[in-house]
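Spelled out from the first residue to the last, the chains are:
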Amino acid sequence: MSENELSERDHEGPVVAFEHVAKVYGDGEMAVRALDDVSFEIHAGEFVAVMGASGSGKSTTMNIMGCLDTPSSGQYLFKGVDVKTLSRDQRALLRRHYLGFVFQGFNLLSRTTALENLELPLIYRRIAKAERRDMAMAALNAVGLENREHHTAAELSGGQQQRVAIARAMVTTPSLLLADEPTGNLDTARSQEIMELLARLNEDKGLTIVLVTHEDDMAAFARRTLVFRDGNIVHETRSQAA
Amino acid sequence: MIGNILLLSMREIRRNVLRSILTTLGIVIGVAAVIVVVTLGAGTKAQVQEEISKLGSTMLTVFPGQRRRGGAAQTAPPFEIDDVNALRRETTLLSSVAPMSIGRKMIVYGNENRRSQLVGTDREFVNVRNWALTAGRLFSPAEEQSGKSVCIIGLTVRKELFKDEPYLGNVLRIGKASCEVIGLLEPKGQVMFSGDQDDVVVVPIKYYQRRISGNTNVDQIYVSALDDDLVPAAQAEVEMIMRERRPSQPGAEDLFSVRGVQEMSTAFQSSTAVMTAFLSAIAAISLLVGGIGIMNIMLVSVTERTREIGIRMAIGAREKEVLLQFLVEAAMLAGFGGLVGIAIGLGGAMALAPLLNVPFIVQPDMMVMAFVFSALVGVVFGYMPARSAARLDPIDALRHE
C-alpha cells in the first residue's frame, strides 16, 4: 500500500474494528495468551474507556489499536485497513497520519520547548514552517497553554506537561486519540482537569478518543466503557449522556 | 525530507551542547593535527623551492663519482685543478666554473672559536653561487696564484667570532694556519639541506690544498649554465668533457657524476615524503580514535534516548527516518568537529610557522578534504548506533525507563 493510500483514507465504516483478535506472546509452554478472542468496533466521534486490572489485556489492545503491534490471529481493521498486512513502516505512516498518543508518563522530549514538541509530528508530516507554527500555536491554545510555548518540559508542571502531550496528540487532528492512563501520574484536581479537557475535545471537535484507565472516576467521563478480564471483554456499558 | 531530518538533528545537537562538544573532541584534535602538519609541510616545501632558486637553479655540481672494482664501490680518483681549467677552456654553455674543496674546521679568533665550513675555491665561486660581497673584496689573481693566506667570511662567522669588532684586516686561525679577513659575504640564511650557509670561511683553493688538506685534490666542481633552459645541455657538455678526461672502461659507469640543485631537492623531498607519510598516519589514527569516540557516545545516546526514539516512532517516524536522524546527527557532529579542527589547525600552524621559520601557506583543498573526511567518519561510525536505534521496537522503547 502506497504512502498516499495510507495518508488519504476516506473511510465510511468504524474507525476501529476488532474481529476475533487474539494475541499470544512467546510459544510452547511459555506462551502467554494476552488477548483471547476480542471483537468490538469504535466509530468516529466516540469516547470509549477501556478498563481492567493489569494483565487483563487492555494494554495489548491499546498497542494493537495504535498500530504498534499486530494480532496473532483474527483481524484488526483500522479505517478499513487490515493492519496485519502492513509493514512496520506502513504502520508508522498510519500512526503519523491518523493516530495520536497520550501516555501516563507524558513522554515529552526533554530539554525541548512545548512548541518544538508540538511541531514534532508536524515535521514528520512535512508541513511547512509557517503553517506548522500556526497549527502548533492553535493546539496550545486549545489546551489552555498559550504563552508557554517556549517553556521546556522541565519548566512545566505535570498537569501542564500532560496538556502539552494532549496538544501534541491532537495537533494533527487524528482519527483516533489513544490515551493510556493519562491521569496516572497526576493528583485528583489535575486529573479532573485533564479529563475535562479530553471530554471537551471529544464534544467540541468530535475527536474520537479511547481512554485506558483503571479508575472508575476517570472512566465516567467516557460515554462507553469496555471492561477487560483475562484477555476478553467481560462487560460493556454505555452512559445515558450518549 | 532531508530538510526536516536536518532540523530534527540540529535540535537534538543543540539540546545537549556540552556533550556534543565533548563527543567531537577527538575529531577536532585529529583534524587540527592534520591541518597543522599539512600546512607546515606545504610551507616547508615552498621554502625548499625558494632556496633552490637561492642556490641557483642553473647550478650543477660535478662529483668524482665512484669506481666499481670487483663489486666493491670505491671513490674514483679526485679532481685536480686541471679538470677545472679544462672545463673553463672547452665549455660553450657554462657561464662560470669554480673548484670546491670543503671541510669543517675549527676557526679561532681571540678567545672565540667555532667549527665552520671551510671552502677552498677561487673568484668564480661568487658567480657560480650567485653570491655578492657586502664588504671588502674578492681574492686577486695574484693571491690565487700564490695561495695567499686571505679569507672571505660569512655573516655567522663574523657575528660569532668578531661580535661587534672590526673584522677586515684581522687574522683568523684555522688549525695551524691563519688568514687575513678581506671580505664579507652577503647573508644567505638557512638552507634546509645544507644548514646555515653563512657559517662559512672561503679561502683560495691553493691555500686550502697547501695548508689544510695537504694534497692537490679538488673535491667538487661547481658550474653554472648560461641560462635555466640550457641546464640539460650544459650537463651533457660537462659530461662529455669529463668523460674525455676521465675515461672509464667500456660499459662501466662514469668516473664522475653531475647533479643539479633540482636533484638535491628531489632527494630532500623524498625524505620529507616519508616524514609526511608518518605524520599523516598519526593523524589518521587520531581521526580513527575520534570516530570511535563518536560511535561510543552515539551508542550511549541511543540507549539513553530509547524512550525518545519510542515517542518518535509512536508519532510516526519510520525506520529510515530514525536511522537518518542519527546518521545526520553523527555526521553533523563530526563535520562540525572538522570545522573547529580546521580553525584550530590553521591557528596552530599560523603560530608555529614563524617559530619553525617556514612560510604560512593555506591549503584550501586540504581543508575541504579534512571537512569531508571528518563528516564521513561521522557517517561510518554513526551507522551502527543509528541502525540499532532504527531497529528498536516502539512498544519496548516506550516502556524503557
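Rules and cut-offs
Residues numbered from 1 in each chain as written. Chains lettered and ligands numbered in written order. Predicted model: local features only at pLDDT ≥ 70, side-chain atom pairs only at ≥ 80, totals over all residues. Helix = DSSP H or I, 4+ residues; strand = E, 2+ residues; numbered from the N terminus. Buried ≥ 20, exposed ≤ 12 C-beta atoms within 10 Å, placed from the backbone. Contact = placed C-beta atoms within 7 Å. Pairing = 2+ DSSP bridges. Axes fitted to C-alpha atoms, helices over the stretch in contact; angles between N-to-C directions. Expected span 1.5 Å × (residues − 1). Bend = angle between axes of the 7 residues up to and from the residue. Nonpolar A, V, L, I, M, F, W, Y, C, P; charged D, E, K, R; others polar. pLDDT = per-residue confidence, 0-100.

**Examining the overall build of chain A**
Argument step 1. Secondary structure summary: chain A contains eight helices and 10 strands in total.
Argument step 2. When burial is assessed residue by residue, chain A has 48% of its 242 residues classed as buried.
Argument step 3. Restricting to contacts in chain A with at least 6 residues of sequence separation, those with at least 24 account for 68%.

**Concerning the sheet that holds strand β7 (residues 176-180) of chain A**
All names here are of chain A.
Argument step 1. In spatial order, the strands read β6-β7-β8-β3-β9-β10; together these six strands make up an open sheet with mixed pairing. The sheet is open, and its two borders are formed by β6 (99-102) and β10 (232-238), each paired with just one other strand. Going from strand to strand, the sheet's axes swing by 20 degrees on average, the running direction of each strand aside.
Argument step 2. Note that β7 and strand β8 (residues 209-213) share four bridges and pair parallel. The residue bridging alanine 179 from the neighbouring strand is leucine 211, located in β8.
Argument step 3. This element, helix α2 (residues 58-65), spans β3 (47-52), β7, β8 and β9 (224-229) of the sheet and lies at about 140 degrees to β3.

**What about the environment of B:Leu288?**
Argument step 1. The topology assignment puts B:Leu288 in helix α9 (residues 261-304).
Argument step 2. By the C-beta count within 10 Å, which is 14 here, B:Leu288 ends up partly exposed.

**Some points on the pairing of strand β1 (residues 59-63) of chain B**
Residues and elements named next belong to chain B.
Argument step 1. In terms of strand pairing, β1 meets strand β13 (residues 220-225) through four bridges, oriented antiparallel. Paired with valine 62 across the strands is isoleucine 221, a residue of β13.
Argument step 2. Where β1 and strand β14 (residues 257-260) come together, four bridges link them in antiparallel fashion. For phenylalanine 63, the partnering residue across the bridge sits in β14 and is serine 257.

**Topic: helix α12 (residues 364-390) of chain B**
Residues and elements named next belong to chain B.
Argument step 1. The end-to-end C-alpha separation of α12 is 37 Å, in line with the 39 Å expected for 27 residues at 1.5 Å each.
Argument step 2. Along α12, the sharpest kink reaches roughly 45 degrees, centred on tyrosine 383 and followed within four residues by the proline proline 385.
Argument step 3. When α12 is considered as a whole, its buried residues turn out to be Met367, Ala370, Ser374, Ala375, Val377, Gly378, Phe381, Gly382, Pro385, Ala386, Ala389 and Ala390.

**As for the interface of chain A and chain B**
Argument step 1. Counting from both sides, the interface comprises 21 residues of chain A and, opposite them, 19 residues of chain B.
Argument step 2. Those elements that provide at least two residues to the side of chain A that touches chain B are α3 (88-98) and α4 (114-124) of chain A.
Argument step 3. It is α3(A) that contributes the most residues to the side of chain A that touches chain B, six residues altogether.
Argument step 4. Residue composition of the side of chain A that touches chain B, by class: 10 nonpolar, three polar and eight charged.

**Points about the confidence of the model for chain B**
All names here are of chain B.
Argument step 1. For chain B, per-residue confidence averages 86 on the pLDDT scale, and 94% of positions sit at 70 or higher.
Argument step 2. The least confident element of chain B, judged by mean pLDDT, is strand β2 (residues 66-69) at 62; the most confident is strand β7 (residues 150-153) at 94.
Argument step 3. On the interface metric, ipTM, the complex scores 0.92, and its pTM is 0.69.

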